Amino acid sequence: MINNNRIGIDNDSETVTSNAAQPKKFYEYLKRRKVMCIIFTIIVLAIIIIIPLVIVKKKEKNSEKSSTTEEMEVTTESPTTSTSTTTSTTPSKPKFDKWKQNGITVAGGNGKGQELNQLSDPHGIFIDQKKNIFIADTQNNRIVEWKYNAKEGHIIAGGNGQGNQMNQLDRPTDVIIDQQTHLIIIADWGNRRVIQWLNQKQQILIQDIGCYGLAMDKHEFLYVSDTTKSEVRRWKMGEYNKEGIVVVGGNDRGNQLNQLSSPIFIFVDEDQSRPFQSPTTSTSTTTSTTPSKPKFDKWKQNAITVAGGNGQGQELNQLYEPSGVFIDQKKNIFIADFNNHRIVEWKYNAKEGQIIAGGNGKGNRMDQLDRPTDVIVDQQTHLIIIADWGNRRVIQWLNQKQQILIDNIGCFGLAMDKHGFLYVSDTVKSEVRRWKMGEYNNEGVVVAGGNNRGNQLNQLSSPTFIFVDEDQSVYVSDTHNYRVMKWKNHAEEGIIVAGGRLNQLGESQGVIIDDLGQIYVADFYNQRVMRWCEGKEEGETVVGGNGKGDQSNQLNSPGDLSFDDEGNLYVVDGRNHRIQKFEIIL
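Caption draft 1: Up close: the overall build of the chain. Looking only at helices and strands, the chain has one helix and 38 strands in total. A total of 586 residues make up the chain; the buried ones form 47% of that total. For the chain, the accessible surface area stands at approximately 31,100 Å², while carbon and sulfur atoms represent 49% of it.

Okay, structure coming up:
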């Protein structure tokens, strides 16, 4: 029994021991499982962290490779190369889509001026492979090169004052450089020529062109935009004795898809870009000494009557001593029909005009005019500004509604500049004043004369027609002083640019300036139109001068003058009651 009991106790003990070990084992099992879960979680987290890092690192490495490739590509496409004897003039295509918004000044920035660390109204630029910058420094009449990180530039073409000599430039607008040959091709806009500079020797490539922008293609063609003819032409390099081929525009100025209106800069894309060679070889050093021709050289001496010419009268096909004239881009003619007290428009090639202002008899009502002398027309807004001389007012007509802009003024001639200023000559006070368009509730600013009537350089005597150039210099037909005066902006006195000597002008009337700065004057009593180059003591007759008469080569009291965009010359033939068009000889 005892044994059985002992044995029983032993069995029970083993059972108890076995049962007690089971929770312990289960606990250890759970502990091991928890550790495994922790390890698994750590591994998962490590994977989650490491994989993106690897991806980012790989992208950075690829980006570095891509950047290196792009740099190599940019170098390959840059304007100049070190492995080729030719040089591309087409800048590489940008491969970046974002830029810092705060720029760094790399040339100029020291105010307007002509010092080597200054620029004056720069236009075209060219950047070479070394990041040197070549600049058409327009108002300084020069081409300057600014080396990379330089504090000032140095002159490589022009810089000898504004002029048309071979070593001078006149408001250059664009430039192309070949750094290996040092060839410089310049759009010499003011001289209406494309000129080449090579080792300080010059050669005129293309002349009589309103050149502005330049470009070169892979076939070695030079492209030139023409602001005057509103077109782009191209020439084979070295073959400039032809008129070139029109590649864009050439269908008169306009906004149709086959037209342009004063095109400026141009670009030939990457499919048309490749290195070009100098138009002259290294063995050819001959330099042309022929000065560029003036913008307008000669005109046919027998004019075409484009308005009036049917005797004195008030019918729509007649004029009565017309005074001022305005030609728009479509060659429509707007005329201040002086003794008919109206403004008439003659459409291009029309047989009669239409009244667009006045025509309601002589008077001072708002719908009447009294001997108008000049007119300016905005074809887009149909705004008409009139010098209503007999009523001593400048009046605006818009859709048959009138508004007096300036009152109590002996207004005769009108002009507008590119900044939106209206200029008015005053025959009574012998002065010219200007107003900001839309701001007429003031006396305006005197820009010429204003020192009583007289013949001193700070005086005028009954000024009539006026012209304002790009620099806001005012050219005044100083009628009773028999001269034309030029008053620079803010000048205290003028300079004589035409006439001023005995028997040179028999009373100046219409005045207009071409792109070369040559002055054209209607010589009222000598029945002719004369041309002066500034600084010259004598002028030359360009049309008329065949005595008073009504033949096609004669004039009778010529008044206002105008050019159209082709260079044809329009003359108000006052006492023949007609407008004459003298066609340019190309």
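Caption draft 2: Spotlight on the packing of aromatic side chains. Applying the stated rule across the entire model yields 10 aromatic pairs. Seen from their ring centres, phenylalanine 326 and phenylalanine 334 are 6.1 Å apart, and the 65° between their planes marks the pair as edge-to-face. Residue phenylalanine 326 is classed as partly exposed on the basis of its relative accessible area of 23%. Members of the aromatic cluster, connected to one another through ring pairs, are Trp299, Tyr520 and Phe563. The residue whose ring lies beneath arginine 234 is phenylalanine 221, and the NZ or CZ to ring-centre distance is 4.4 Å.

Caption draft 3: Highlighting the pattern of salt bridges. Using the criterion set out here, one finds 19 salt bridges in the structure. Salt-bridge contacts for aspartate 565 lead to lysine 331; the nearest nitrogen and oxygen are separated by 3.7 Å. Here lysine 331 lies in the loop between strand E16 (325-327) and strand E17 (333-337) and aspartate 565 lies in the loop between strand E36 (558-563) and strand E37 (569-573), a separation of 234 residues in the sequence. The two residues aspartate 565 and lysine 331 agree in class, both being buried. The closest approach of N and O atoms between arginine 483 and aspartate 478, which form a salt bridge, is 2.7 Å. For the residue pair arginine 483 and aspartate 478, the accessibility class agrees, reading buried in each case. Within this structure, Lys331, Asp565 and Glu566 form a network of salt bridges that share partners.

Caption draft 4: Local environment of a nonpolar patch on the surface. A surface patch of nonpolar side chains, amounting to about 580 Å² of accessible area, comprises Phe40, Val44, Leu45, Ile48, Ile49 and Ile50. Assignment of secondary structure puts isoleucine 48 in helix H1 (residues 2-77).

Caption draft 5: Representation of the confidence of the model for the chain. When pLDDT is averaged across the chain, the result is 83; 81% of the residues are at 70 or more. This stretch, residues 1-18, has a pLDDT under 50; its non-local contacts, to residues over four places away or in other chains, come to two contacts. Low confidence marks residues 272-296, where pLDDT is under 50. Its contacts with residues over four positions away, or in another chain, come to 78 contacts.

Caption draft 6: Summary view of the pairing of strand E38 (residues 578-582). Counting buried residues in E38 gives five out of five residues, a clear majority hidden from the surface. Where strand E15 (residues 304-308) lies against E38, four bridges are found, and the strand directions are antiparallel. Counterpart to threonine 305 in the pairing with E38 is glutamine 580. Bridge count between E37 and E38: five bridges; the pairing is antiparallel. Each residue of the ladder has a partner; that of aspartate 573, found in E38, is arginine 578. Counting the residues that bridge the hairpin from E37 to E38 gives four residues, and of these histidine 577 lies at a positive phi of roughly 55°.

Caption draft 7: Just the UniProt feature "repeat: NHL" (unreviewed entry) in the chain, in detail. Here the UniProt feature "repeat: NHL" (unreviewed entry) sits at residues 554-585. Helix makes up 0% of residues 554-585 and strand makes up 50%, while its end C-alpha atoms are separated by 18 Å.

Caption draft 8: View of the environment of valine 325. Take valine 325: it is sitting in strand E16. Sequence separation between valine 325 and alanine 336 is 11 residues, and the spatial gap between their C-alpha atoms is 6.3 Å. Other than its neighbours up to four places away in sequence, valine 325 contacts Ile333, Phe334, Asp374, Asp560, Leu561, Ser562 and Val572.

Caption draft 9: Region of interest: unusual backbone geometry. Although it is not a glycine, tyrosine 482 adopts a positive phi angle of roughly 55°. Summarising the element assignment, tyrosine 482 is placed in the loop between strand E29 (474-478) and strand E30 (483-487).

Caption draft 10: Molecular detail of the sheet that holds strand E3 (residues 133-137). Taken together, four strands build an open sheet; the order of strands is E2-E3-E4-E5 and the sheet is antiparallel. Looking at the sheet topology across the chains shown, the edges are occupied by strand E2 (125-127) and strand E5 (154-158). Averaged over all adjacent pairs, the angle separating strand axes in this sheet is 20°, with direction ignored. Two elements, E2 and E3, share three bridges in a ladder whose sense is antiparallel. Looking at the pairing, isoleucine 125 lines up with isoleucine 135 of E3.

Parameters at a glance
- Residues numbered from 1 in each chain as written.
- Predicted model: local features only at pLDDT ≥ 70, side-chain atom pairs only at ≥ 80, totals over all residues.
- Heavy atoms only, no water.
- Helix = DSSP H or I, 4+ residues; strand = E, 2+ residues; numbered from the N terminus.
- Buried < 20%, exposed > 50% of the residue type's maximum accessible area, 1.4 Å probe, protein only.
- Areas by Shrake-Rupley, 256 points an atom, 1.4 Å probe, with all protein chains shown as cover.
- Phe/Tyr/Trp six-rings, centres within 6.5 Å; stacked < 30°, edge-to-face > 60°.
- Lys NZ or Arg CZ within 6 Å of the ring centre and 35° of its normal.
- Salt bridge = Lys/Arg side-chain N within 4 Å of Asp/Glu carboxyl O.
- Patch = residues over 30% accessible without salt bridge, like charges linked within 9 Å, V, L, I, M, F, W, Y side chains within 5 Å.
- pLDDT = per-residue confidence, 0-100.
- Contact = heavy atoms within 4.5 Å.
- Pairing = 2+ DSSP bridges.
- UniProt positions renumbered as here; feature names shortened; annotations may be inferred.
- Axes fitted to C-alpha atoms, helices over the stretch in contact; angles between N-to-C directions.

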